[in-house]
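Chain residues, written in single-letter form:
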Amino acid sequence: MLSFDSRSIRTWAHLGSCGAFGLAMCEAAERGEDVVAVTADLCTYSGLDRFRDAYPDRLFNVGIAEQNLVGVAAGMAKEGLVPFATTYGTFASARSLDQVRVSMGYMKLPVKLVGLTAGFSSGILGATHMSCEDLAIMRSIPNLVVLSPADTTETVKATLAAAECDAPVYLRLTGVMGSPVVYKSDYDFRIGKAIRLREGSDVLVFATGPMVAESMKAAKLLAERGVESEVVDVHTLKPLDPDVVEEACSSAHVLVATVEEHSVIGGLGSAVAGAMAARGSARPLVSCGVNDFFPHAAPYGDLIRECGLTGDLIAERIAAELERRN
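Since this is a predicted model, take the numbers as computed values, not measurements. (Residues numbered from 1 in each chain as written. Predicted model: local features only at pLDDT ≥ 70, side-chain atom pairs only at ≥ 80, totals over all residues. Heavy atoms only, no water.)

**Some words on the pattern of salt bridges**
Right, on to step 1. Counted under the stated rule, the structure contains 17 salt bridges.
Right, on to step 2. Of the charged contacts, one joins R52 and D53 as a salt bridge, the two residues approaching to 3.4 Å between their closest N and O atoms.
Right, on to step 3. The exposure class assigned to R52 is partly exposed, which follows from its relative accessible area of 34%.
Right, on to step 4. Residue classification places D53 among the exposed residues on the basis of a relative accessible area of 59%.
Right, on to step 5. One salt bridge in this structure joins R225 and E316, with 2.5 Å as the shortest N-O distance. Here R225, found in the loop between α8 (211–223) and β9 (229–233), pairs with E316, found in helix α12 (residues 311–325); they are 91 residues apart in sequence, far enough to count as distant.
Right, on to step 6. A residue is classified by how much of its surface remains accessible, and R225, at 47% relative accessible area, is partly exposed.
Right, on to step 7. Residues participating in the shared-partner salt-bridge network are D49, R52 and D53. (Salt bridge = Lys/Arg side-chain N within 4 Å of Asp/Glu carboxyl O. Buried < 20%, exposed > 50% of the residue type's maximum accessible area, 1.4 Å probe, protein only. Helix = DSSP H or I, 4+ residues; strand = E, 2+ residues; numbered from the N terminus.)

**Thoughts on the nonpolar core**
Right, on to step 1. Core analysis: the largest hydrophobic core is formed by 75 residues, its most contacted members being F51, F84, F120 and I318.
Right, on to step 2. Ranked by residues supplied to this core, first place goes to helix α1 (residues 6–31) with 11 residues.
Right, on to step 3. With residues up to four places along the chain from it excluded, the contact list for F120 reads M130, C132, T174, E261, V290, P295, Y300, L303, I304 and C307.
Right, on to step 4. In terms of nonpolar packing, the next biggest core, distinct from the first, is built from 39 residues, A74, A85, I141 and L237 among them. (Core = buried A, V, L, I, M, F, W, Y, C linked by side-chain atoms within 4.5 Å. Contact = heavy atoms within 4.5 Å.)

**Focus: the environment of L240**
Right, on to step 1. Here L240 lies in the loop between β10 (236–238) and α9 (242–250).
Right, on to step 2. As a C-alpha pair, L240 and K193 span 47 residues in sequence and 7.8 Å in three-dimensional space.
Right, on to step 3. The residues contacting L240, other than those within four sequence positions of it, are V234, V245, A271, V272 and A275.

**A word on the sheet that holds strand β8 (residues 203–207)**
Right, on to step 1. Pairing within the open sheet is mixed, and its 5 strands lie in the order β7-β9-β8-β11-β12. On the outer flanks of this sheet lie β7 (195–198) and β12 (285–290), each paired with one strand and no other. Ignoring which end each strand starts from, the neighbouring axes of this sheet average 25 degrees apart.
Right, on to step 2. Direction of pairing for β8 relative to strand β11 (residues 255–263): parallel, over a ladder of 5 bridges. Considered in β11, the bridge of F206 is made with T258.
Right, on to step 3. Lying on the sheet, helix α10 (residues 268–278) is in contact with β8, β11 and β12; it crosses β11 at an angle near 145 degrees. (Pairing = 2+ DSSP bridges. Axes fitted to C-alpha atoms, helices over the stretch in contact; angles between N-to-C directions.)

**A short note on the pairing of strand β1 (residues 35–39)**
Right, on to step 1. Taking burial as the measure, the 5 residues of β1 include 5 buried ones, the bulk of the element.
Right, on to step 2. Of the two faces of β1, the one carrying V35, A37 and T39 and the one carrying V36 and V38 are both buried.
Right, on to step 3. Both β1 and strand β2 (residues 59–61) contribute to a ladder of 3 bridges, which runs parallel. Its bridge partner being in β2, A37 is matched across the sheet by L59.
Right, on to step 4. In this region the chain leaves β1, passes through helix α2 (residues 49–54) and returns to the parallel neighbour β2; the handedness of that crossover is right-handed. (Right-handed = clockwise from strand over helix to strand, strands pointing away.)

**Describing α12**
Right, on to step 1. Taking 1.5 Å per residue as the helical rise, α12 with its 15 residues ought to reach 21 Å, and the 21 Å between its terminal C-alpha atoms agrees with that figure.
Right, on to step 2. By the burial criterion, the buried members of α12 are G311, I314, A315, I318, A319, E321 and L322. Projected onto a plane normal to the axis of α12, the buried residues spread over an arc of 160 degrees and lie on a single side. In α12, those exposed residues whose orientation departs by more than 90 degrees from the buried face are E323 and R324.
Right, on to step 3. Where the residues of α12 are buried, they touch β8, α8, β11 and β12. (Expected span 1.5 Å × (residues − 1). Arc of directions from axis to C-beta.)

**So, the sheet that holds β10**
Two pairing modes exist for strands in a sheet, parallel and antiparallel, and in both the strands are linked by backbone hydrogen bonds.
Right, on to step 1. With mixed pairing, the 7 strands of this open sheet are ordered in space as β2-β1-β3-β4-β6-β5-β10. Of all the strands in the sheet, the pair left with one neighbour each is β2 and β10. Averaged over all neighbouring strand pairs, the angle between strand axes comes to 20 degrees, with direction disregarded.
Right, on to step 2. Relative to strand β6 (residues 169–172), strand β5 (residues 145–147) runs parallel, the two being bridged by 3 bridges. Residue pairing in the sheet places V145 in a bridge with V169 of β6.
Right, on to step 3. Most of the contacts of helix α3 (residues 66–78) go to strand β3 (residues 82–88), to which it runs at about 170 degrees, and overall it touches β1, β2, β3 and β4 (112–116).

In structure tokens, the structure reads:
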């Protein structure tokens, strides 16, 4: 039985998102006999070694065949199992897109597709293994739930919630080992319900994935300049929490910002902007993310900084936007 104590949370952070996912899978399997894992030759990389040892008859390796991965998982879901299918985020969302669209979206089969090392987590392998378009792709598929946990604690929470969800799910995992901790104790996680982490009256910041921690750093730096920022963890991009949209449209904040380790096209920024526009809001919005280009191969931290997604650079971007509008 997993315990959300300080020791466990430190361990999960040390292991990174894939390691935390693997431990959560053992918990999910203990809770439900129908939980199985399917992987495209990425057992160890998925953090599933312990799951394999504990439940050898519930782990299936289809080899380097990502389209088959989704097809096999869909067949398992059709037979009443709860399959978690793991591969690189870029292969899950692009190489397997037809199978995701038909078997998960159209047929509503509750496959839990796990996009490993999304964003820049595999940045040293180059653009082919970076996944900065997956949220845009998955958001566009009808009937899919799209989750993007802020840290490894939330990765555990999201994995367990996905196991209980009757819908098809895309679970996006990114970041590196030794990642920052946002949630230092147990808390209430609900799919579709964003979490306010910090109060502030000047800027309203919506962040997702590891950019939640960076946005919290940015908020502290902005506070030193006299700018108070509210920070909200949007761990579910679809369905987007309607309260997030309502606050973005009706609050007294001078500026709304979105921060994501993803393209500025089609991800969190687009989701919030589209929802605001649908309600007729003309409130200023700045989207911090990856611009429309393919980054070169580099370590995770270098790519995050190059794209302006570290706490200090996010603070500078927001401060500059506030100054421009005053």
